[in-house]
Amino acid sequence: MTEYRPPIDDIHFALNDLVGLPGIVALPAFEHVDVASVEDVLAEAARFAAEVIAPTNRDGDKVGARWHDGEVTAAPGFAAALGQYAAAGWGAVSADAEHGGGGFPKVVGTVIDELVTTANMAFSLCPLLTAGGVHLLEVHGSPEQQRRWLPKMVTSEWTGTMNLTEPQAGSDVGALTTKAVRQDDGSYRITGTKIYITYGEHDMAENIVHIVLARTPGSPPGTKGISVFIVPKYLQNPDGTLGERNSITCVSIEHKMGLHGSPTCVLSFEDAVGELIGDEGDGMRQMFTMMNDARLGVGVEGLAIAERAYQQALAYAHERRQGRGPGAAPGEDSPIVDHPDVQRMLLTMKAYIDAMRPLAYANAAAIDVSKHGADDDARRSGQELADLYTPLTKAWCTDLGSEVASLGIQVHGGMGYIEETGAAQHYRDARIAAIYEGTNGIQAIDLVGRKLPMRGGAVVREQLDAARAAAADLRAAGEDVAATELEQAAADVGAASDWLLAAEPTDRLAGATPYLRALATVVGGTFQARALLSPRADESRRTVARFYLTPLLPQAGWLARSASAGNAVLAAARTTTLA
């Protein structure tokens, strides 16, 4: 497996030239931060990811986490890596300063997430879930809960989990049955079984803080009756030291297609001690704070795996010699990178990566503006953009992560199907990201049901207007072919947007998934147009941008037409083909 080389130049280009980092660090909340300090932090984070975390990736896949009699032993090297991660404070960089964090922008933390995830996705899930728990407690926890739980979660000395899913309650969270019974001392006793709990049990940290959804007696059915609780592995004594072990058992860990280093646990709660966050019945609203934060992180996983797969495929294409490339001497075997079809695959991989990265960063930057913008209008606009970009980042980037990893296998040919090369691991690891934290179909439903109608469709139209403006700039610069493709894609997606806004609910649902991909493809095209026109872009970057804007971008048109096809054929299939 190729060693990981952090793409620090690409990261800085996306941050500064495409997303506008200088404007983010200029916000009053970040007066202690400047572009130079961000560059220093990211340079060290890149070194740490490559030297400390990346070496654990292969053993994490081959050996994995191991369960024995309710205890989970982490994959080789994981505990030491997390200890160094915590000691260096990487999980704290963008956490609130009042709880021991560095107070850096969310977008900087997102870049660190990318670096860690590209180095080892299975490892990265532990900090990801911990950060989600930190975010939930920062927003919804009481001052006392924040004082007691946040400091060691912010440092990653204690890790966190998200406990939603049950055997009968997957995407339909409202069907959960885990119960929480209030005690005279104000605590609750939690009883039930949770499945698919990432890092629900391990030996890497002193404590695990479970964030658990449960139902109190007499609560209404569905999501309205759900509350959220802190249920730690070890209880906390009044002086902050760890007390007795809570009544939580890891029944088993799953044997998965990928992410072998990440223990996916079945947890049994038997009268476990928990404490309510906020009010009873407010759990889903609170949990969505954590879930939306995690959805951005999962979108970054798609970008990260794509980057790792591309680096390996590119290196292999230069090493592997087979066949005679164009212009090669008779009888000479050429490196496969000289073959046009391999070039097409590699450029496709790189072009998608260069479109995903600024989308993920812009999503994080919008969250920064939504919290710290100069005035109410700025914060409102930031929130709208974060709301729109989150399903795009989560769904589009994770779909592309799988597709790029699959192309990486194809570049390797038969050797890609052999485990020794490591190319297959990227595909196996990537595949789950389109499923967890809300399947990509759910993200598409959220887009057409909640995000597209924002301000009567104006938020989406503003994105399409930005694409048209970028197309005009392309034309002015003499990039006529790219300009025409971007203009046409924006027009096609605009027509689909209008059709979906006026459509019946079933027709809108039928078109949701192709619409999400069409819109994300255009948004990616806007970023690629800006990259092409940037005075700092070298010829390599311009070549990749042109490739995105010509062979790849036109698919937005047929995706938009598919989004407008309606539900008639699907409804007929349900009574015939799918009966």
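As shown above, the structure is provided for reference.
Residues numbered from 1 in each chain as written. Predicted model: local features only at pLDDT ≥ 70, side-chain atom pairs only at ≥ 80, totals over all residues. Heavy atoms only, no water.

Remarks on the packing of helix H17 (residues 512–533) against helix H18 (residues 539–552)
Link 1 in the chain: At a closest axis distance of 9 Å, the pairing of H17 and H18 adopts a crossing angle of 150°. Judged by the inter-axis angle, H17 sits roughly antiparallel to H18. In this structure, H17 crosses over H18, and the sense of that crossing is left-handed. When H17 is examined against H18, the residues Ala520, Thr521, Gly524, Gly525, Gln528, Ala529 and Leu532 are found in contact with a partner set consisting of Arg542, Val544, Ala545, Arg546, Tyr548 and Leu549.
Link 2 in the chain: Its residues assigned to classes, the contact of H17 with H18 comprises seven nonpolar, four polar and two charged. (Axes fitted to C-alpha atoms, helices over the stretch in contact; angles between N-to-C directions. Helix = DSSP H or I, 4+ residues; strand = E, 2+ residues; numbered from the N terminus. Parallel < 35°, antiparallel > 145°, perpendicular 65-115°, else oblique. Left-handed = near helix turned anticlockwise from the far one by under 90°. Contact = heavy atoms within 4.5 Å. Nonpolar A, V, L, I, M, F, W, Y, C, P; charged D, E, K, R; others polar.)

Some remarks on the pairing of strand S7 (residues 226–232)
Link 1 in the chain: Of all seven residues making up S7, seven are buried, and the element is well covered by its neighbours.
Link 2 in the chain: Along S7, one buried face is formed by Ile226, Val228, Ile230 and Pro232 and the opposite face, lined by Ser227, Phe229 and Val231, is buried too.
Link 3 in the chain: Of the strand pairs in this sheet, strand S6 (residues 207–215) and S7 are connected by seven bridges, and their pairing is antiparallel. Bridge assignment links valine 212 to a residue of S7, and that residue is phenylalanine 229. (Buried < 20%, exposed > 50% of the residue type's maximum accessible area, 1.4 Å probe, protein only. Pairing = 2+ DSSP bridges.)

A short note on the layout of surface pockets
Link 1 in the chain: Considered as a void within the structure, the second largest pocket measures approximately 250 Å³ in volume.
Link 2 in the chain: Residue lining of the second largest pocket: 13 residues in total, with Asp10, Tyr310, Lys350, Ser540 and Arg541 positioned closest to the centre.
Link 3 in the chain: Taken together, the elements giving at least two residues each to the lining of the second largest pocket come down to helix H9 (283–319), helix H10 (340–372) and H18.
Link 4 in the chain: Of the residues forming the lining of the second largest pocket, the biggest block, four residues, is contributed by H9.
Link 5 in the chain: Tallied by class, the residues present in the lining of the second largest pocket amount to four nonpolar, two polar and seven charged. (1 Å grid on protein atoms, 1.4 Å probe; cavity = no way out; pocket = protein on both sides within 12 Å on 5 of 7 lines; lining within 4 Å. Points joined across faces, edges and corners; volume = space filled by probe spheres on them.)

What about empty space enclosed by the protein?
Link 1 in the chain: One pass over the full model with this rule turns up four cavities of 30 Å³ or more.
Link 2 in the chain: Considered as a void within the structure, the largest cavity measures approximately 80 Å³ in volume.
Link 3 in the chain: Contributing to the lining of the largest cavity are Asp10, Phe13, Ala14, Leu18, Asp354, Arg357, Pro358, Gln528, Ala531 and Arg541.
Link 4 in the chain: Contributions of two or more residues to the lining of the largest cavity are made by helix H1 (8–19), H10 and H17.
Link 5 in the chain: When grouped by side-chain class, the residues that make up the lining of the largest cavity number five nonpolar, one polar and four charged.

Concerning helix H3 (residues 35–53)
Link 1 in the chain: Taking 1.5 Å of rise per residue, 19 residues should cover 27 Å, and H3 covers 25 Å from first to last C-alpha, within 8% of that figure.
Link 2 in the chain: Taken residue by residue, H3 has Ser37, Val38, Val41, Leu42, Ala45, Ala46, Phe48, Ala49, Val52 and Ile53 as its buried positions.
Link 3 in the chain: Its buried side turned inward, H3 meets H1, helix H2 (21–25), helix H4 (57–62), helix H5 (78–88), helix H6 (106–119) and helix H7 (121–140). (Expected span 1.5 Å × (residues − 1).)

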